[in-house]
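Residue-level listing of the chains:
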Amino acid sequence: MRDVSVIGIGITRFGELWDRSLRELGLETGLAAISDAGITSKDIDALYIGNMAAGSTLQQEHVSALIADYCGLTSQNIPATRVEAASASGGLAIRQAYMAISGGFIDVAVVGGAEKMTDVSDSESSYTVSMGSDEQWEAQTGATFASLHAMIAQSHMDEFGTTREQLSAISEKNHYHASMNPMAQFPFKISGEAVSNSGIVSSPLRMLDCAPNSDGAAAVVLCATEKAKKFKKKGIRLIGSGQASDTLSLHHREHLNRLPAIGIAAKRAFKSCGKKVTDIDLIEVHDNFTISEVIALEEIGIFKRGKAAEMSLKGETRLGGKIAVNTSGGLKARGHAPGATGIAQIIEVVKQLRGEAGDRQVKGAKIGMTENHGGTAATAVVHILEVE
Amino acid sequence: MSVPRFWRELDSRYNLVGSYCKITKTYHYPKRSFNPDAGRDSIGNMVDYQFNGTGTIISSTVVHQAQSGYEMFGPYCMAIIELEEGPRLTSQVVDCDPITVKPGMKVKSVFRKLGEDSESGILHYGTKFIIDEIQDEEEVDDNLPDVEL
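Residues numbered from 1 in each chain as written. Chains lettered and ligands numbered in written order. Predicted model: local features only at pLDDT ≥ 70, side-chain atom pairs only at ≥ 80, totals over all residues.

1. Examining the overall build of chain B
Across its full length, chain B holds two helices and eight strands. Along chain B, from the amino end to the carboxyl end, the secondary structure elements read α-α-β-β-β-β-β-β-β-β. Taking all 149 residues of chain B together, the buried fraction comes to 31%. Sequence separation of at least 24 residues holds for 49% of the intrachain contacts in chain B that already meet a minimum separation of 6. (Helix = DSSP H or I, 4+ residues; strand = E, 2+ residues; numbered from the N terminus. Buried ≥ 20, exposed ≤ 12 C-beta atoms within 10 Å, placed from the backbone. Contact = placed C-beta atoms within 7 Å.)

This is the structure in structure tokens:
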């Protein structure tokens, strides 16, 4: 097992990028990441692509070869692999590259995530997202992805007394963070009242509880730490990685207000690097809905079960609070381009650990963490990064 | 949805047929040929079982932004329902004001149209649920003492 470092990053703004194709987005972020790393295409041993839905949104499968070709990597016949686990595709692509490098098979990998969600109508993109749940026995019965999270939220409210005001505070906080992130899809503040008064999507969840379905791309260069010295960038070490699965359908879970795969993936990630939850200075979590951020923080153990929403309203997850959560703006305000989201999370933590996060910099940040999940957390992937 | 894909699920969709595991003596929905709790022993020991269709609401939501193909039904109630025999499923609760559906309410299955592929496409039928007229004792007036008028 070898140490692995992140030596280069590149990201687009997320949003409605109607003038940009999947391959253009992939190329732009890939080039940005390799120039940030100070490497050339000859240094690349493998390409991993996180993508959830090109088949349903673009009628294009085989996007690993597509991106490799468009980026000029096929002239060297570089191996290219697509990784898919719904919205966890990006985080999981990182993990595949991490394992290949740590295991000694390759030295340098480019991991890119790209997604086009706005080439299709809202109703088609929403249906595509619900394919991350059980399409046959959930989506086909009329259950939207939001409605499954609505039942998770209602169950959390019923058991722990979580309130509307507490959930609204999470979107308010993520927009506040995004107001300091020029690459965010929604780089502006919104009030908690605006969240509470936004239209109902599926009770009790409202429009401003929900992350958008965005276009966007993100890429990183991973390198064996022992080989990283010859490249110009001081690396950020990827010290821990964990992954877990759960039942695809929410209705097959014992507790509706828990997402246990997140906790198990986190435990495995902590074990892989000998760190504990109190060592973490900042975290990017998968807030596809406000309730998901609440439960992720509880599963990882940052707050006791049933307490995360209350602590969020108190400002403990805000920049300057007990632990900064989603300084990028999270899925809600940075945007959510499923295949790219897990990689965008890693990029935010790398920026923070490099001290390049500008106005939203977490002072003295040494260790950061990412949590990315697919479906109703039927796949969860957690990474831990540390300043070298 | 393709015709073969819909056709092979007809029994589960139309008749609420799932599986009974002879090893663990537990019920499963939808049908499965393998019970994770029993492992390989369950292969060949899973038999079809038609659920009686009564169950209890575990959690519910009123969907305002409808699923693709369900726009004409909105706002509608989606719920996770625990069947009397044990397994849980996700389904719509219909023929009632959707906001009145609460955890603990008794429901029973009905056969309904789920949707259609297009005006000339195949129609999808399946199971939805309605509020069961027979609820728990405390809501039934018979418990009140008789009063002579």
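2. Some details on the overall build of chain A
Assigned secondary structure in chain A consists of 13 helices and 12 strands. For a compact globule of 388 residues, the expected C-alpha radius of gyration is about 21 Å, and chain A comes in at 19 Å, within 12% of that figure. In terms of overall dimensions, chain A has a C-alpha envelope of 55 × 45 × 35 Å along the principal axes. Sorting the 388 residues of chain A into buried and exposed places 64% on the buried side. Across chain A, the fraction of contacts at a sequence separation of at least 24, relative to all contacts at a separation of at least 6, is 78%. (Rg over C-alpha atoms; globule rule 2.2 N^0.38 Å.)

3. A short note on the sheet that holds strand S3 (residues 46-50) of chain B
Residue and element names in this part refer to chain B. The sheet built from three strands is open, its strands ordered S2-S1-S3 with antiparallel pairing. Each edge of the open sheet is held by one strand with a lone partner, namely strand S2 (26-28) and S3. Strand-to-strand, the axes of this sheet are offset by a mean angle of 35°, without reference to chain direction. Strand direction decides the pairing type here: strand S1 (residues 17-21) and S2, joined by three bridges, are antiparallel. Considered in S2, the bridge of Ser19 is made with His28. (Pairing = 2+ DSSP bridges. Axes fitted to C-alpha atoms, helices over the stretch in contact; angles between N-to-C directions.)

4. A word on the sheet that holds strand S1 (residues 4-11) of chain A
Residues and elements named next belong to chain A. Read across the open sheet, the 10 strands follow the order S3-S2-S4-S7-S1-S8-S12-S11-S9-S10; overall the sheet is mixed. Both edges of this open sheet fall to strand S3 (80-83) and strand S10 (324-325), since each of them pairs with a single strand only. The pairing of strand S9 (residues 282-284) with strand S11 (residues 367-374) spans three bridges and is parallel. Of the residues in S11, the one forming a bridge with Glu284 is Thr370.

5. Looking at the interface of chain A and chain B
Taken together, the contact pairs 26 residues of chain A with 21 residues of chain B. Of all the secondary structure elements, the ones that give two or more residues to the side of chain A that touches chain B are helix H5 (122-130), helix H6 (145-160) and strand S5 (200-202) of chain A. Among the elements that take part in the side of chain A that touches chain B, H6(A) stands out by supplying seven residues, more than any other.

6. Points about helix H10 (residues 290-300) of chain A
All names here are of chain A. In terms of burial, H10 is a largely internal element, 11 of the 11 residues being buried. When H10 is considered as a whole, its buried residues turn out to be Thr290, Ile291, Ser292, Glu293, Val294, Ile295, Ala296, Leu297, Glu298, Glu299 and Ile300. Just past H10, the residue Gly301 takes up positive phi, approximately 100°.

7. Remarks on the environment of A:Gly216
Residue and element names in this part refer to chain A. If you trace the backbone, Gly216 turns up in strand S7 (residues 216-224). Gly216 sits in the buried class, given 30 other C-beta atoms within 10 Å. On a C-alpha basis, the gap between Gly216 and Leu22 in space is 8.2 Å, while along the polypeptide they are 194 residues apart. Leave out the neighbours within four places in its chain, and Gly216 touches Thr12, Phe14, Leu17, Leu25, Glu115, Gly335, Ala337 and Ala340.

8. Quick notes on the environment of A:Ala80
Residues and elements named next belong to chain A. Looking at where Ala80 falls in the secondary structure, it is placed in strand S3. When the C-alpha atoms of Ala80 and Leu47 are compared, they prove to be 4.6 Å apart, with 33 residues separating the residues in sequence. Leaving out residues up to four positions away in the same chain, Ala80 has contacts with Leu47, Ile49, Ser64, Ala65, Ile67, Ala68 and Leu73.

9. Some thoughts on unusual backbone geometry
The peptide bond linking A:Ser203 to A:Pro204 adopts the cis configuration, its omega dihedral lying at 5°. Positionally, A:Pro204 belongs in the loop between S5 and strand S6 (205-206). A cis amide bond links B:Gly74 to the next residue, B:Pro75, at an omega of -10°. Tracing the chain through its elements places B:Pro75 in the loop between strand S4 (54-63) and strand S5 (76-83). A positive phi angle, near 50°, is found at B:Leu16, a position not held by glycine. Considering the arrangement of structural elements, one finds B:Leu16 in the loop between helix H2 (10-15) and S1. Given 22 C-beta atoms within 10 Å, B:Leu16 falls into the buried group. Not every positive phi belongs to a glycine, and B:Lys25 is a case in point at roughly 55°.

10. Concerning H5(A)
Within the sequence span of H5(A), burial applies to A:Ser125, A:Ser126, A:Thr128, A:Val129 and A:Ser130. The inward-facing, buried residues of H5(A) abut helix H2 (54-58) and H6 of chain A.

11. A closer look at the nonpolar core
All names here are of chain A. Core analysis: the biggest nonpolar cluster contains 149 residues, and Ala97, Val111, Val220, Val221 and Leu222 have the highest contact counts within it. In terms of residue count, helix H13 (residues 338-354) provides more of this core than any other element does, eight residues in total. Residue contributions to this core reach at least three from each of two domains, namely domain 1 (4-121 + 214-237) and domain 2 (125-211 + 239-387). Aside from chain neighbours lying at most four places away, what touches Val111 is Tyr48, Ala93, Ile94, Ala97, Ala219, Val220, Leu222 and Ile343. (Core = buried A, V, L, I, M, F, W, Y, C linked by C-beta atoms within 7 Å. Domains from an automatic or database assignment.)

12. Observations regarding the domain arrangement of chain A
Residues and elements named next belong to chain A. Split into domains, chain A comes out as domain 1 (4-121 + 214-237) and domain 2 (125-211 + 239-387). Taking the mean C-alpha position of each, domain 1 and domain 2 sit 23 Å from one another. If you look at the interface, domain 1 gives 39 residues, while domain 2 gives 39 residues. Of all the elements in the fold, those that place two or more residues in the side of domain 1 that touches domain 2 are S1, H2, helix H4 (89-102), strand S4 (108-115), S7 and strand S8 (236-245).

13. Comments concerning the environment of A:Arg334
All names here are of chain A. Relative to the helices and strands, Arg334 is located in the loop between helix H12 (330-333) and H13. The buried category is assigned to Arg334, around which 34 C-beta atoms lie within 10 Å. Separated by 88 residues in sequence, Arg334 and Asp246 place their C-alpha atoms 27 Å apart. If sequence neighbours within four positions are ignored, Arg334 has contacts with Phe14, Ala178, Asn181, Ala184, Gln185, Ser328, Gly329 and Ala344.

14. Quick look at the pairing of strand S12 (residues 379-387) of chain A
Residue and element names in this part refer to chain A. Within S12, eight of the nine residues are buried, which leaves the element mostly enclosed by the surrounding structure. Both S8 and S12 contribute to a ladder of nine bridges, which runs antiparallel. When the sheet's bridge partners are listed, Ala244 is paired in S12 with Ala380. Relative to S12, S11 is paired through eight bridges, and the arrangement is antiparallel. For Gly374, the partnering residue across the bridge sits in S12 and is Thr379.

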